[in-house]
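# Understanding the architecture of this molecule
Spelled out, the chains give:
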Amino acid sequence: MNSLFTIRNLSVDVINDLLSSARVYKNLIESGLQVPEIPKHTVGLLFFENSTRTRVSFEQAANYLGYKCINFSGSGSSMKKGETLKDTILTLKHERLEAVVMRHEASGACNLAAKYFEGPVINAGDGRHEHPTQALADALTILDRKGKIKGLKVAIVGDVTNSRVARSNAWLLSKLGAEVRFVGPRTLVPGQSSTLPATVYHDLRSGLIDTDVVMALRLQRERMDNGVVSVSEFRRLYQVNRGSLRACAPDAIVMHPGPLNRGVEIDDLTADGPSSTINEQVTNGIYVRMAALAWAFENVPAKAGSLK
Ligand code: NCD
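Residues numbered from 1 in each chain as written. Predicted model: local features only at pLDDT ≥ 70, side-chain atom pairs only at ≥ 80, totals over all residues. Heavy atoms only, no water.

## A word on the packing of helix H1 (residues 12–30) against helix H5 (residues 132–146)
- The interhelical angle for the contact between H1 and H5, taken along N-to-C directions, is 65 degrees, at an axis separation of 10 Å. The angle between H1 and H5 falls in the class roughly perpendicular. You can see that H1 and H5 cross each other, and the crossing is right-handed. Packed against H1, whose contacting residues are Ile15, Leu18, Leu19, Ala22, Arg23 and Lys26, the element H5 presents Leu136, Ala139, Leu140, Leu143 and Asp144 at the interface.
- A breakdown of the residues in the contact of H1 with H5 according to their chemical character gives eight nonpolar, no polar and three charged. (Axes fitted to C-alpha atoms, helices over the stretch in contact; angles between N-to-C directions. Helix = DSSP H or I, 4+ residues; strand = E, 2+ residues; numbered from the N terminus. Parallel < 35°, antiparallel > 145°, perpendicular 65-115°, else oblique. Left-handed = near helix turned anticlockwise from the far one by under 90°. Contact = heavy atoms within 4.5 Å. Nonpolar A, V, L, I, M, F, W, Y, C, P; charged D, E, K, R; others polar.)

## Re the domain arrangement of the protein chain
- Under the domain assignment used here, the protein chain contains domain 1 (12–130 + 282–307) and domain 2 (132–277).
- With 28 residues of domain 1 in contact, the opposing surface of domain 2 contributes 24 residues.
- Here domain 1 meets domain 2 over a buried area of about 2,200 Å², counting both sides, of which 58% is carbon and sulfur.
- Broken down residue by residue, the surface that domain 1 buries against domain 2 is led by Leu19, Arg128 and Glu130, which jointly contribute 29%.
- Here domain 1 and domain 2 share four salt bridges between them.
- Of the charged contacts, one joins Asp144 and Arg23 as a salt bridge, the two residues approaching to 2.7 Å between their closest N and O atoms.
- Secondary structure elements with two or more residues in the side of domain 1 that touches domain 2: H1, helix H2 (53–65), strand E3 (99–104), strand E4 (121–126) and helix H10 (278–296). (Domains from an automatic or database assignment. Buried area = accessible area lost by both parts, 1.4 Å probe. Salt bridge = Lys/Arg side-chain N within 4 Å of Asp/Glu carboxyl O.)

## Looking at the site of the ligand
- Close to the ligand lie Arg53, Thr54, Arg103, His131, Gln134, Arg164, Val165, Arg218, Gln220, Pro257, Gly258 and Pro259, which account for all nearby residues.
- In this structure, an oxygen atom belonging to the ligand sits 2.9 Å away from a side-chain N or O atom of Thr54.
- Measuring from an oxygen atom of the ligand, one finds a side-chain N or O atom of Arg218 at 2.7 Å.
- Computed on the free molecule, the ligand has an accessible area of 320 Å², of which 95% lies beneath the protein chains in the complex. (Near = heavy atom within 4 Å. Polar contact = N/O pair within 3.5 Å; in protein donor to acceptor, adjacent residues only side chain to side chain. Areas by Shrake-Rupley, 256 points an atom, 1.4 Å probe, with all protein chains shown as cover.)

## Focus: the sheet that holds E4
- If you walk across this open sheet you meet the four strands as E2-E1-E3-E4, and the pairing is parallel. Either end of the sheet is taken by a strand with one partner, and the two such strands are strand E2 (68–73) and E4. Adjacent strand axes in the sheet meet at a mean angle of 15 degrees when their direction is disregarded.
- Two elements, E3 and E4, share four bridges in a ladder whose sense is parallel. Counterpart to Val101 in the pairing with E4 is Ile122.
- Docked against the sheet, helix H3 (residues 85–94) engages strand E1 (42–47), E2 and E3, running at close to 155 degrees with respect to E3. (Pairing = 2+ DSSP bridges.)

## Considering the pairing of E4
- Counted residue by residue, E4 has six buried out of six residues, so it is predominantly covered.
- Between the parallel elements E3 and E4, the chain passes through helix H4 (residues 109–117) in a crossover that is right-handed. (Buried < 20%, exposed > 50% of the residue type's maximum accessible area, 1.4 Å probe, protein only. Right-handed = clockwise from strand over helix to strand, strands pointing away.)

## Structural notes on unusual backbone geometry
- A cis geometry characterises the amide bond from Gly258 onward to Pro259, with omega recorded as -5 degrees.
- With a phi angle near 60 degrees, Glu118 is a residue other than glycine that sits in the positive phi range.
- What makes Glu118 exposed here is its relative accessible area of 58%.

## So, the sheet that holds strand E9 (residues 253–255)
- Strand order in the open sheet formed by five strands is E7-E6-E5-E8-E9, with parallel pairing between adjacent strands. If you trace the sheet from one side to the other, it starts and ends with strand E7 (199–201) and E9, each paired once. Within the sheet, the average angular offset between the axes of one strand and its neighbour, ignoring direction, is 25 degrees.
- As paired strands, strand E5 (residues 153–157) and strand E8 (residues 213–216) are joined by four bridges and run parallel to one another.

## Remarks on H3
- Taken together, the buried positions of H3 are Leu85, Thr88, Ile89 and Leu92. For H3, the arc enclosing every buried residue in end-on projection is 95 degrees, short of the 170-degree limit, so these residues lie on one face.
- Against E1, E2, E3 and H4 lie the buried residues of H3.
- Just downstream of H3, Arg96 is the residue with a positive phi angle, here 70 degrees. (Arc of directions from axis to C-beta.)

## A word on the packing of aromatic side chains
- Taken as a whole and judged by the stated rule, the model has three aromatic pairs.
- When the ring of Phe48 is compared with that of Phe72, the centres are 5.8 Å apart and the planes differ by 70 degrees; the resulting orientation is edge-to-face. Of this pair, Phe48 sits in the loop between E1 and H2 while Phe72 sits in strand E2, placing them 24 residues apart in sequence.
- Here Phe48 falls in the buried class, since its relative accessible area comes to 17%.
- Taking relative accessible area as the criterion, Phe72 reaches 19% and is therefore assigned buried. (Phe/Tyr/Trp six-rings, centres within 6.5 Å; stacked < 30°, edge-to-face > 60°.)

Below, the structure written as structure tokens:
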């Protein structure tokens, strides 16, 4: 059985296998074909932080695989009566759940959960740390639009410091051979000394020059100290819009993991325009989560061949 905590610790082979599996599921479902029968499992969806697309797509992925889902939200649980995460996880293990998908505000919470759960745990976002299935969904979307990842220039723009999406994408895209840039103000982008595989730019135009992919990020105020950033200044200096996109390659695509704060990190015309992949990222989220859930139980579908 496999747990998925980070992209950082995944090998390129496993990343490619997960993307190949996701492609197999995507082709099956979008051609109206049946997903092959695999053993059924019961999966807990544990969301201690708000979520729309990640939670729904894990549930949809489980539906397509024929797995059963049990939903658990931190706010409606006995954790509100003082129960610890350890005791909560032990309870869920003895409720005979076979895997858990977990979102939590603390970095590393999934590793702690796995210690007590003793079965597969899939990270659905842990604090500022990682969000591996979002990066897989983004990679599948780039492959759909560009046919490759190797050699692309990718700018991740905005609140990188507070973004687990930025971290997982930096690991994944650099492992697959892209050049990754982090673009944003000094208060929102970790300095050059960071161990992340990305080059830092504080000027939007310089960071976007010749890029093939631009990924806009929301200001994640729930993880930010007050006063770190002025919204009007951020909008003026870092908004992804028709003007700022002039620096990119002419066929650049614009990505966003959602949720969007329209008119702040991205304008309406760009979010709804032909270069935007926002809705494709949501749909691809289902297929990569199918791949991750099946892989957790070592039910890997027939390979789709190399994606490289
Ligand atoms: C992201 C997250 O939760 O990290 N959302 C998502 O899962 N698509 C990004 C965000 O909250 O801004």
